[in-house]
Amino acid sequence: MITHNIIGFQQSATSGKYIYATDPAMLATLPEAFATATAEETDRAVSKAHQAFNIYRKIPGTRKAEFLHEIAKGIEDLGQVLIERIMQETAYPEARVIVERNRTCAQLRMFAAEAISGGWKTVTIDPALPDRTPAPRPEIRKMMIPLGPVVVFGASNFPLAYSTAGGDVASALAVGCPVIVKAHDSHIGTNALVAEVILEAARKTGMPDGVFSSLNGDGMHTGQQLVLHPLTAAVGFTGSKQGGRALFDLGQQRENPIPVFAEMGSVNPVFIFPGKVRSDSKGLAGQLVASMTMTVGQFCTNPGLLIALKDHHTEAFLDELAIALKVIPEASMLNHGIYKSFHRGVAAVREVNGVIMLHDHQSSEGLRTAPVLATVPADVFLAHPQLHHEVFGPFSIIVLCENMDEMLSVAGALEGQLTATVQVSDDELTETQPLIDILIYKAGRIIMNGVPTGVEVCAAMTHGGPYPASTDSRFTAVGHHAVQRWLRPVSFQNFPANLISGMTND
Ligand code: NAP
């Protein structure tokens with residue numbers, strides 16, 4: 001069976017080249033063939049999206065909401081077919097997949113509500129001042145308008161929530177931007193099922209041909225062509241720092257540069273105050289190990305860096321961590337690339353003089369991996385920037401500081417982060433201020449006495465942060481305000497209100 005690219009309302013497979021999905025747990029190639037996109041098909045998808053934009057942006061928010069609701073319903077109606085395909089392509093347990101499916105549908109419905117409310121337009125009106133001297137002022141009204149066709153690259157570790165009908169796609173569709181998805185090779189079959197749902201939802205709710213397309217990549221070429229296409233208006237990317245940076249640079253090198261909103265990796269530091277270690281060493285160890293090993297550590301918010309003071313209470317805490325890690329079973333990682341880069345990353349850490357492995361990985365079958373925990377003195381950490389980078393998977397390194405000043409130096413030396421966490425006892429709260437003062441300029445979200453994994457989808461959420469956590473720290477990829485990435489402001493001077501509402505039809 002051959003699965004086609006979806007180009008608006010057409011199915012297309014002209015390349016004669018195919019890619020196949022892999023079952024990472026069984027290390028087996030799955031039978032269905034997915035036709036890769038040609039340069040002509042890629043061009044057709046963006047050209048159709050451009051044509052659709054002129055119709056779609058004027059469709060009332062209530063109808064865009066019907067489209068998004070229909071997508072959510074279609075995903076739910078796929079039931080076990082979708083759940084089992086995701087489990088097969090990711091090796092995730094069923095409960096994890098169901099949580100992500102429910103989150104994805106909730107996001108679609110949340111953005112449907114945003115489309116209806118029209119709040120994303122954020123209209124600002126400075127009324128006319130006809131009697132002002134020496135010159136009268138005309139009415140000036142500012143509002144946001146959609147940018148145009150958006151290209152979306154999903155991440156391998158979120159086959160639904162950051163993929164074909166994920167937050168980037170739903171937020172762009174909600175505000176009037178057609179979307180072209182570059183399917184992720186790691187869940188190409190899941191992409192095909194969801195893309196088919198979006199196609200049917202578009203047809204059923206009367207959306208224009210070209211409002212959505214999904215292309216299977218011919219290596220990296222397809223994605224690069226999409227970013228460089230003159231009619232592409234913006235890009236949403238979730239994935240590795242290497243990939244995000246490459247696509248961001250491409251976006252800036254175009255004759256007409258475009259925004260590339262890339263959400264990338266992060267080590268999500270957790271600063272542990274001594275009182276917290278003294279008061280609840282075992283509870284804290286259990287909480288952190290659960291966060292670090294959930295879904296084989298394949299979360300962008302995984303706590304990859306713990307920072308504590310070097311004393312005998314911390315020694316006991318390290319023992320608790322090692323005990324908690326011993327009972328975590330090995331599990332399969334998502335794909336060969338992630339497995340190899342995890343082990344390459346751990347090997348590079350192991351080589352640094354001064355690093356001690358507290359819980360190391362033993363060789364095992366296939367892509368199965370156990371968690372790894374290391375410690376390093378703060379002065380060694382500060383002298384080795386390679387230890388500051390993400391090792392994607394179940395890995396954490398604990399930086400042991402001589403005193404609080406050294407802890408602040410470690411905070412100051414970090415790159416931009418999606419999150420930073422402070423674990424502290426009640427009577428140490430006032431002592432956290434100097435650290436918080438540093439962290440607010442390092443991270444998009446600061447957590448007090450919690451763990452970084454678990455990103456709430458809500459209006460107050462910031463999922464982003466200074467580079468390299470994202471390529472634009474002013475925006476979020478999660479929550480209501482994710483729509484702001486696909487908009488730009490226009491001021492209308494001296495326009496009658498009915499002419500403006502006629503332009504947006506809303
Ligand atoms: P990835 O390897 O960067 O791939 C993401 C997508 O970009 C894929 O479709 C890939 O194409 C494409 N791509 C990557 N480099 C490219 C290039 N140079 N040119 C054209 N296309 C390119 O990332 P991943 O393996 O999916 O995800 C793992 C990483 O994502 C981790 O580092 C994790 O921390 C991060 N992540 C971040 C967030 C967040 O919100 N910040 C969320 C989840 C994951 P192919 O399919 O052809 O490889």
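Every chain is numbered independently, its residues counted from 1 as its sequence is written. Totals for whole chains, interfaces and linings use all residues, but because this is a predicted model, local features are given only for residues with pLDDT of at least 70 and pairs of side-chain atoms are given and counted only at 80 or more. In computing side-chain properties, one takes all heavy atoms of the structure into account and sets aside hydrogens as well as water.

Looking at this model, I keep getting lost on the overall build of the protein. Mind explaining?
From N to C terminus, the protein includes 15 helices and 24 strands. C-alpha atoms define the radius of gyration, and 2.2 Å times the number of residues to the power 0.38 defines the globule rule. Expected size for 506 residues packed as a compact globule is a radius of gyration near 23 Å; at 24 Å, the protein falls within 12% of this value. Its C-alpha atoms give the protein principal-axis dimensions of roughly 70 × 70 × 40 Å. To sort residues, take the accessible area from a 1.4 Å probe on protein chains only and compare it with the maximum for the residue type: under 20% means buried, over 50% means exposed, and anything in between is partly exposed. Buried positions account for 56% of the 506 residues belonging to the protein. Sequence separation of 24 or more characterises 76% of the internal contacts of the protein that already satisfy a separation of 6 or more. For the protein, the accessible surface area stands at approximately 20300 Å², while carbon and sulfur atoms represent 56% of it. Looking at charge distribution, the protein has the averaged site of its 38 positive side-chain charges lying 8 Å from that of its 49 negative ones. Comment: elements are numbered from the N terminus, with helices defined as DSSP H or I runs of at least four residues and strands as E runs of at least two. Residues count as neighbours in contact if any of their non-hydrogen atoms are within 4.5 Å of one another. Computed with the Shrake-Rupley method and a 1.4 Å probe, the accessible areas treat only the protein chains shown as cover for residues. We score Asp and Glu as negative and Lys and Arg as positive, and we do not count His or the chain ends. Working definition for charges: the position is that of NZ of Lys, CZ of Arg, CG of Asp or CD of Glu.

It is not clear to me how the sheet that holds strand 24 (residues 487-493) should be interpreted in this structure. Could you clarify?
In a beta sheet, neighbouring strands pair by backbone hydrogen bonds and run either parallel or antiparallel. In space, the three strands of this open sheet follow the order 8-9-24, with antiparallel pairing throughout. The open sheet has two edge strands with one neighbour each: strand 8 (124-126) and strand 24. Each strand axis lies, on average, 25 degrees off the axis of its neighbour in the sheet, ignoring direction. A strand pair is defined by DSSP finding two or more bridges across the two strands. Working convention: axes come from line fits to C-alpha atoms, limited for helices to the stretch in contact. Angles between N-to-C directions cover 0 to 180 degrees.

Mind showing me how you'd approach the packing of aromatic side chains here?
Aromatic ring pairs are described here by two measures, namely the spacing of the ring centres and the angle between the planes. The rule is short: rings of Phe, Tyr and Trp, with Trp giving its six-membered ring, pair when the centres are within 6.5 Å, and they are stacked under 30 degrees, edge-to-face over 60, tilted in between. This model, assessed by the stated rule, comprises seven aromatic pairs. Each ring, one from Phe 261 and one from Trp 486, has its centre 5.7 Å from the other, and the planes form 90 degrees; the classification is edge-to-face. Of this pair, Phe 261 sits in strand 14 (residues 260-263) while Trp 486 sits in the loop between strand 23 (443-448) and strand 24, and the two are 225 residues apart along the sequence. Summarising the burial analysis for this pair, Phe 261 and Trp 486 share the class buried. Three or more aromatic residues joined by ring pairs make a cluster, and in this case those are Phe 158, Tyr 162 and Phe 299. Distance and angle both matter: a charge sits over a ring if NZ of Lys or CZ of Arg is within 6 Å of the ring centre and within 35 degrees of the ring normal. Above the ring of Phe 53, the side-chain terminus of Arg 57 is found at 5.6 Å from the ring centroid. Across from the ring centre of Phe 158, 5.0 Å away, lies the NZ or CZ of Arg 96, which sits over that ring.

Can you help me understand the pairing of strand 10 (residues 150-153) in this one?
Side-chain positions along a regular strand alternate between the two faces of the sheet. Where burial is concerned, the two faces of strand 10 agree: the one with Val 150 and Val 152 and the one with Val 151 and Phe 153 are both buried. Across four bridges, the pairing between strand 10 and strand 11 (residues 179-183) is parallel. When the sheet's bridge partners are listed, Val 152 is paired in strand 11 with Val 181. Think of it like this: strands point away, you trace from the first strand over the helix to the second, and a clockwise trace means the crossover is right-handed. Handedness of the crossover joining strand 10 and strand 11 through helix 5 (residues 167-174): right-handed.

Looking at this model, I keep getting lost on the domain arrangement of the protein. Mind explaining?
Think of interface size as the accessible area that goes away when the parts come together; that is how it is often given. The split of the chain into domains comes from an automatic or database domain assignment. Domain assignment breaks the protein into domain 1 (5-124 + 138-264 + 470-499) and domain 2 (269-448). For domain 1 and domain 2, the distance between their C-alpha centres works out to 33 Å. Taken together, the contact pairs 15 residues of domain 1 with 16 residues of domain 2. Together, Pro 24, Leu 27 and Asn 157 form the three largest contributors to the area buried by domain 1 at its contact with domain 2, with a combined 32%. Should a side-chain nitrogen of Lys or Arg be within 4 Å of a carboxyl oxygen of Asp or Glu, the pair is scored as a salt bridge. For the pair domain 1 and domain 2, the interface holds one salt bridge. The salt bridge partner of Lys 241 is Glu 415, with a shortest N-O separation of 3.8 Å. Any pair of N or O atoms that falls within 3.5 Å is considered a polar contact. Within protein, one atom must be able to donate a hydrogen and the other to accept it, and sequence-neighbouring residues count only if both atoms are side-chain atoms. For the pair domain 1 and domain 2, the number of links is four residue pairs in polar contact (both at pLDDT 80 or more). Here the quantity called buried area is the accessible surface, traced with a 1.4 Å probe, that two parts lose on coming together, added over both.

Which parts of the structure should I look at to understand the site of the ligand?
Around the ligand sit 28 residues in total, of which Ser 156, His 184, Ser 240, Met 264 and Glu 390 are the nearest. Here an oxygen atom of the ligand and a side-chain polar atom of His 463 are 2.8 Å apart. Relative to its unbound accessible area of 920 Å², the ligand is 90% covered by the protein chains. Taken together, the elements giving at least two residues each to the shell around the ligand come down to strand 13 (234-238) and helix 8 (241-253). The cutoff for a nearby residue is simple: one of its non-hydrogen atoms must lie within 4 Å of the molecule or strand.

I'm lost on the packing of helix 2 (residues 61-77) against helix 6 (residues 188-204) in this one. Help?
Any two packed helices are characterised by how steeply their axes cross, that is the angle between the axes, and by the distance between the axes. Interhelical geometry of helix 2 versus helix 6 gives an angle of 140 degrees and a closest axis separation of 9 Å. Compared by their axis directions, helix 2 and helix 6 come out oblique. For helix 2 against helix 6, the interelement crossing comes out right-handed. Listed contacts from helix 6 to Phe 67, Glu 70, Ile 71, Gly 74 and Ile 75 of helix 2 are Val 194, Val 197, Ile 198, Ala 201, Ala 202 and Lys 204. Side-chain classes are defined by residue name, with Ala, Val, Leu, Ile, Met, Phe, Trp, Tyr, Cys and Pro counting as nonpolar, Asp, Glu, Lys and Arg as charged, and the others, Gly among them, as polar. Within the contact of helix 2 with helix 6, the residues separate by chemical class into eight nonpolar, one polar and two charged. For classification purposes, angles smaller than 35 degrees are called roughly parallel, those larger than 145 roughly antiparallel, those between 65 and 115 roughly perpendicular, and all remaining angles oblique. Handedness of a helix crossing follows the sense of rotation of the near helix relative to the far helix, less than a right angle counterclockwise being left-handed and clockwise being right-handed.

Just to check I follow, could you spell out the environment of Phe 317 for this structure?
Here Phe 317 lies in helix 10 (residues 312-326). As a C-alpha pair, Phe 317 and Val 277 span 40 residues in sequence and 6.7 Å in three-dimensional space. Residues in contact with Phe 317, not counting those within four places in the same chain, are Ile 272, Val 277, Ser 281, Leu 284, Ala 285 and Leu 288.

Would you take a moment to explain unusual backbone geometry for this structure?
Glycine aside, residues mostly have negative phi, and peptide bonds are mostly found in the trans state. A cis amide bond, omega 5 degrees, links Thr 133 with the succeeding residue Pro 134. For Pro 134, the location among the structural elements is in the loop between strand 8 and strand 9 (140-146). For the peptide bond that leads from Tyr 467 to Pro 468, omega is 10 degrees, which places it in the cis range. Tracing the sequence through the fold places Pro 468 in the loop between strand 23 and strand 24. Phi angles above zero are rare outside glycine, and Leu 27 is one such case at about 55 degrees. Its place among the elements puts Leu 27 in the loop between strand 5 (22-23) and strand 6 (28-29).

What is the right way to read empty space enclosed by the protein from this model?
Buried and open spaces are told apart on a 1 Å grid over the protein atoms alone, a cavity being a set of points where a 1.4 Å probe fits but cannot get out and a pocket being an open set with protein on both sides within 12 Å along at least five of seven lines. Residues with an atom within 4 Å of a point are the lining residues. Grid points are joined across faces, edges and corners, and a volume is the space filled by probe spheres set on the points. Overall, the coordinates contain two cavities of 30 Å³ or more when judged by the stated rule. What the largest cavity holds in volume is close to 80 Å³. Along its surface, the largest cavity is lined by 13 residues, and Val 267, Gly 304, Glu 390, Val 391 and Phe 395 are the ones closest to its centre. Here the lining of the largest cavity is built from residues that sort into seven nonpolar, five polar and one charged. The element contributing the most residues to the lining of the second largest cavity is helix 9 (residues 274-293), with three residues. Considering only residue class, the lining of the second largest cavity consists of seven nonpolar, one polar and no charged.

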